[in-house]
Amino acid sequence: MLFARSIATWLMIFGFCVAGVAARSATAAEESTAVAEEKAEAKPRAKARGRLPNFYSQVVTEKQRVEIYAIQGAYQDQLDELIRQVVAIKAERDAKVKATLTADQLKEVERLQAAAEKRREERRTAAAKLENAK
């Protein structure tokens, strides 16, 4: 039951990650896939390490903690591969969706995306100024 909850939590986190990638254009998604693959290949795992599910740290022994980390490590490669597959599928989907637009529609979408990014950047700048003023 708890293992299923942990998997569900990871899948929810994974869904948020994928939703963020889906919001990008197909090119950006493909670039992020390449970067993620490079990072995955660049950093070999030194030892099984993980994060205990909520409230486990209050009840498990050190031996159980090590076992839980090992279990999480055993599944991590599979989860990473699934994430890469979903990112690639969404990038392919987004590219096909983008291909349905006319040149004028594509320009308008790009204009709208740029305007939204500009608004986000303005909010970040304002928040940073506010934080620095404190």
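These figures come from a predicted structure and were not determined experimentally. (Residues numbered from 1 in each chain as written. Predicted model: local features only at pLDDT ≥ 70, side-chain atom pairs only at ≥ 80, totals over all residues. Heavy atoms only, no water.)

Caption draft 1: Expanded view of the overall build of the protein. Helix and strand content of the protein: 4 helices and 0 strands. Moving toward the C terminus, one meets the helices and strands of the protein in the order α-α-α-α. Per-residue burial for the protein yields a buried fraction of 16% across its 134 residues. The long-range share in the protein, meaning contacts at least 24 apart out of those at least 6 apart in sequence, stands at 53%. Total accessible area on the protein is roughly 10,700 Å²; 60% of this is exposed by carbon and sulfur atoms. (Helix = DSSP H or I, 4+ residues; strand = E, 2+ residues; numbered from the N terminus. Buried < 20%, exposed > 50% of the residue type's maximum accessible area, 1.4 Å probe, protein only. Contact = heavy atoms within 4.5 Å. Areas by Shrake-Rupley, 256 points an atom, 1.4 Å probe, with all protein chains shown as cover.)

Caption draft 2: The arrangement of unusual backbone geometry in detail. Of note in this structure, F55 is not a glycine but carries a positive phi near 75°. What makes F55 exposed here is its relative accessible area of 63%.

Caption draft 3: Region of interest: the pattern of salt bridges. Under the defined criterion, the tally for this structure stands at 8 salt bridges. The partner of E81 in a salt bridge is R84, with the nearest N and O atoms 3.5 Å apart. Of this pair, E81 and R84 both sit in helix α3 (residues 62–99), separated by 3 residues, roughly a single helical turn. The exposure class of E81 is partly exposed, given its relative accessible area of 35%. Across the pair R120 and E117 runs a salt bridge whose closest N-O atoms are separated by 2.9 Å. Linking R120 with E117, this pair stays in helix α4 (residues 103–133), spanning 3 residues, or about one helical turn. Each of E117, R120, E121 and R124 takes part in a single network of salt bridges with overlapping partners. (Salt bridge = Lys/Arg side-chain N within 4 Å of Asp/Glu carboxyl O.)

Caption draft 4: Inspection of the nonpolar core at higher detail. Membership of the largest hydrophobic core is limited to 5 residues, which are L52, Y56, V60, I68 and Y69. Excluding anything up to four places from it in sequence, V60 contacts L52, R65 and I68. (Core = buried A, V, L, I, M, F, W, Y, C linked by side-chain atoms within 4.5 Å.)

Caption draft 5: Looking closely at α3. The end-to-end C-alpha distance of α3, which contains 38 residues, comes to 54 Å, matching closely the 56 Å that a straight helix rising 1.5 Å per residue would cover. The largest bend in α3 comes to about 35°, at Q76. Looking at α3, one finds that the buried residues are I68, Y69, Q76, L79, D80, V87, A91 and D94. (Expected span 1.5 Å × (residues − 1). Bend = angle between axes of the 7 residues up to and from the residue.)

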